[in-house]
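Descriptive analysis of the structure
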Amino acid sequence: MAAAGAEEEAAAAATTAEEERRREGARESEGECGDEGDSDSSADGEDEEKENEAEIQRLEEQLSINAFDYNCHLDLIKLLRQEGELVKLRRARQKMSELFPLTEEIWLDWLKDEIRMASESTDREKVYELFERAVKDYICPEIWLEYAQYSIGGIGEEGGIEKVRSIFERALTAVGLHVTKGTAIWEAYREFENAILETVQPAAGSIPSPEQQQTVCAQLEKIHTLFRRQLGLPLLDMEATYAEYEEWSEDPIPEAVIKNYKKALQQMEKSKPYEEALLVAETPKLAEYQAYIDFEMKAGDPARIQLIYECALAENCLVPDLWARYNQYLDRQLKVKELVLSAHDRAVRNCPWTVGLWNRYLLAMERHRVDHQIVSENFEKALNAGFIQATDYVEIWQAYLDYLRRRVDFTQDSSKELEELRSAFARAVEYLKQEVEERFSESGDPSCTIMQNWARIEARLCNNMQKARELWDSIMTKGNAKYANMWLEYYNLERAHGDTQHCRKALHRAVQCTSDYPEHVCEVLLALERIEGTLEDWDAAVQKTENRLARVNEQRVKAAEKEAALVKQEEEKAEQRKQARAEKKASKKAKKMKPGDKRKVEDDDDGEWGQEEEAEQPSKRHKGDGDSTRAEEEVEDMEVETGLFGRSTPARPAASSKQKEKAAASRKEAPRVLHDSAKDNVTVFVSNLSYSMADPEVKLKELFESCGEVVEVRPIFSNRGTFRGYCYVEFVDEKSALQALGLDRRIVEGRPMFVSPCVDKNKNPDFKVFRYSTALEKHKLFISGLPFSCTKEELEEMCKAHGNVKDIRLVTNRAGKPKGLAYVEYENEVQASQAVLKMDGLTIKENVIKVAISNPPLRKFPDKPEAGRASQSMVPRQIYGARGKGRTQLSMVPRALQRQSNLVTKAENGMVQNSPATSSAATEEPKKMSNADFARMLLEK
């Protein structure tokens, strides 16, 4: 009776404390309402309230269209809580919790709101139910602590104390091993038991009864047990707990407890570096968590491994790979049904767009013999999850069909499961044709793999070859009849489960229809007739294959001729364009040339013809002549754009023109420095610089010194002494050169500067530098149709409303001008997919933009020219008239011919010299003729 009275007293004290806490919450709520009332009285408050109501309505409409919009749910809950719409708020939270596991912050806000409003015992039961849902989503120490503390308020009810203890024990099982936060649960549990101990202690000066002594001893033992259990675990501040136990206990601490404590301390020391790494790391901490998991895997404690995984997922709930690794561990190691299925369910609710997680969930449910109705319901949820690719739907259908096939007993001629399997196959084919093809403009299954599997099941397991033939006939009508491998797949099925007549029929059709590898099909047909056919069958097969191959060869010859004609036509067009550009440049140069200069050239008949022009002509290389880097290929395009052959340059201030002429003259007279290929590893090639850059050595040295000590900056100048827009930058060590590559695309004087590794293309002809991925990137968007005036800041402001933007890249041309394209990188796939749904088709400054997941097409590289073709294009230098080759005629000959005639390339300012690779007859230049030689030639004619 004394123990019961003590417990009632403790319950009354705890209830009083809970009521006081509730009153404080009510006063806070009233204070908030008062503040809102004061603000609503102003005009600004009314306007803000109307705006919020309109935004709430918009968000609700958006969710009615796409219920899986995670960010939209968050925004709606935030606004409803701000406006105090408690009924709508509860409904919004309920809908979101049905679709997604809620984070710790969302659950704590929801629980605190419900606790504040709970007044009756029925309300308390609803809060308990809400806590039970909350602790299932994630393993969160704060939620468990809040749950345990809230349950203390109900100890006055029947069985209240045991219920509190039960919740504390569950909390210790779930998060008691948490190194940094588990201690709080243990301490709260001990404080509760100490409070119970105080209530069962006899009054001062009284003599306790045997029953009271027994109750006190039992309560003391519970507290001793809690201390001993905690000291055996590697937790933070273990030393303080040990000191507290020494002070509290009247008896010495047992040796076994001390031994376990020291062992736990050693484990804590091993775990400490990983915990410290997590404390200082920035979100998402994936690398730190993975290192911690690997460490615990070696130790092999399943409880700790599970706890670390859960902590990592609490901070990275939208990372599908992390969920996949966790579920794989649970499937293969723990194999506990409730734990495994709960983790799989949370995985697909967090990342519903990831088909791999759904596939593993279906397998896990089948493995643990979940009811068929539940499996089918989850499959339907997967179909509505909104996958990003058409192939994802094929994959989930295949996983479900595999599950249904394993349920069928094929020893029976007919069964409910078999009919369900056939119905599912038919539905899958129709679903891909209607739903998926309408959304993605493709079914995702061009080879009809689902129908092929259906045909195999009908032929091998159901002995229904007629149905299999019908399915294959449908497969061939979907554009697969031209592929040899499809016919051979069908032939193999007929060979295994059909008859020779149908095999022969299939191969005859294959010979007639196949366009990719008809020779292979013909060989298979002849092999069949050689083994099983009659003489008439053999003759028919030979005649059919010969006729077919003759037609194929004829078609191939025509196609080759057509392709050759197109290539020739393109080459002629390219040649015409080159000549047109050359004539245009020559005419412009002729108009701008001063009469005195022209007369001087015409009267200078004593010197060798063309020397002056060739001295002023900057040496340029053909793209196929072994450039040092990819950037030198870009230089040629820059020269065309800026005009080294006579195009006028922007007017310069008169005051600086003389200085520039002097600088150009000094550069012209400077000795040429060859690049040492042995220093390629410490050198970078810089291109696409402005031709008008003043003192490029000084400016570029200042820019690149941030990467390391610069030995030399070698700008490339033309024979006139003008800067050609590219240079070599040599560093002291290779590390600095690698760091300098990070300056690629840096804007310098209004142009993107290209920084490339210094690679000799003679030794590495296939070397290419491309910084960006060419594969599907589900977390990155490709945006087209942007107005040219759109800035990076404006685009970021628009995109960050749909998630955390990691990077934005506006695509520009070589001059730094925008092309209306951009790449936007989000933190994860779900944010990117939501942004596509919201932004595609938006109008920005009267431009309608298109937004899609980044999936660049395969980069097509031009075929390398044949050696013979290059030699055929070598033509001798032309013989010119009596007045020689004037300046205005310089560009009349296509530059490709000019370059190819000079096989021994001149080296200038760091360019690598090319060694002659052809015979001396091909490289020998025609001898220059004097006036007398030319006159003699004319007289002979």
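What counts and how
- Residues numbered from 1 in each chain as written.
- Predicted model: local features only at pLDDT ≥ 70, side-chain atom pairs only at ≥ 80, totals over all residues.
- Heavy atoms only, no water.
- Helix = DSSP H or I, 4+ residues; strand = E, 2+ residues; numbered from the N terminus.
- Contact = heavy atoms within 4.5 Å.
- Expected span 1.5 Å × (residues − 1).
- Buried < 20%, exposed > 50% of the residue type's maximum accessible area, 1.4 Å probe, protein only.
- Polar contact = N/O pair within 3.5 Å; in protein donor to acceptor, adjacent residues only side chain to side chain.
- Pairing = 2+ DSSP bridges.
- Axes fitted to C-alpha atoms, helices over the stretch in contact; angles between N-to-C directions.

As annotated in an unreviewed UniProt entry, the chain carries the name Spliceosome associated factor 3, U4/U6 recycling protein and comes from Terrapene triunguis.

1. Things to note about the side chain of His344
Take His344: it is sitting in helix H16 (residues 337-350). Setting aside its immediate chain neighbours within four residues, His344 contacts Asn327, Asp331, Arg360, Tyr361 and Ala364.

2. Digging into helix H14 (residues 302-315)
With 14 residues, H14 extends 20 Å from end C-alpha to end C-alpha; this agrees with the ideal 20 Å at 1.5 Å per step. Burial analysis of H14 places 10 of its 14 residues in the buried class, which makes it a mostly covered element. Among the residues of H14, Arg304, Ile305, Gln306, Leu307, Ile308, Tyr309, Glu310, Cys311, Ala312 and Leu313 are the ones counted as buried. Check the buried side of H14 and you find it contacts helix H8 (160-175), helix H12 (255-280), helix H13 (286-299), helix H15 (320-334) and H16. You can read the cap of H14 off the contacts: a side-chain oxygen lies 3.2 Å from the backbone nitrogen of Ala303, and it is on Asp301.

3. As for the environment of Arg548
In this fold, Arg548 is placed in helix H26 (residues 535-592). The exposure class of Arg548 is buried, given its relative accessible area of 9%. For the pair Arg548 and Thr514, spaced 34 residues apart in sequence, the C-alpha separation works out to 9.8 Å. Excluding residues that lie within four positions of it along the chain, Arg548 makes contacts with Val511, Gln512, Cys513, Thr514 and Ser515. In terms of polar contacts, Arg548 uses its side chain to reach the backbone carbonyl oxygen of Thr514, at 2.7 Å.

4. Overview of the sheet that holds strand E11 (residues 850-854)
Read across the open sheet, the four strands follow the order E7-E8-E6-E11; overall the sheet is antiparallel. The sheet is open, and its two borders are formed by strand E7 (805-812) and E11, each paired with just one other strand. Going across the sheet, the axis of each strand differs from the next one's by a mean of 25°, ignoring polarity. Running over the sheet, helix H34 (residues 829-839) touches strand E6 (777-784), strand E8 (818-826) and E11 and is turned about 25° from E6.

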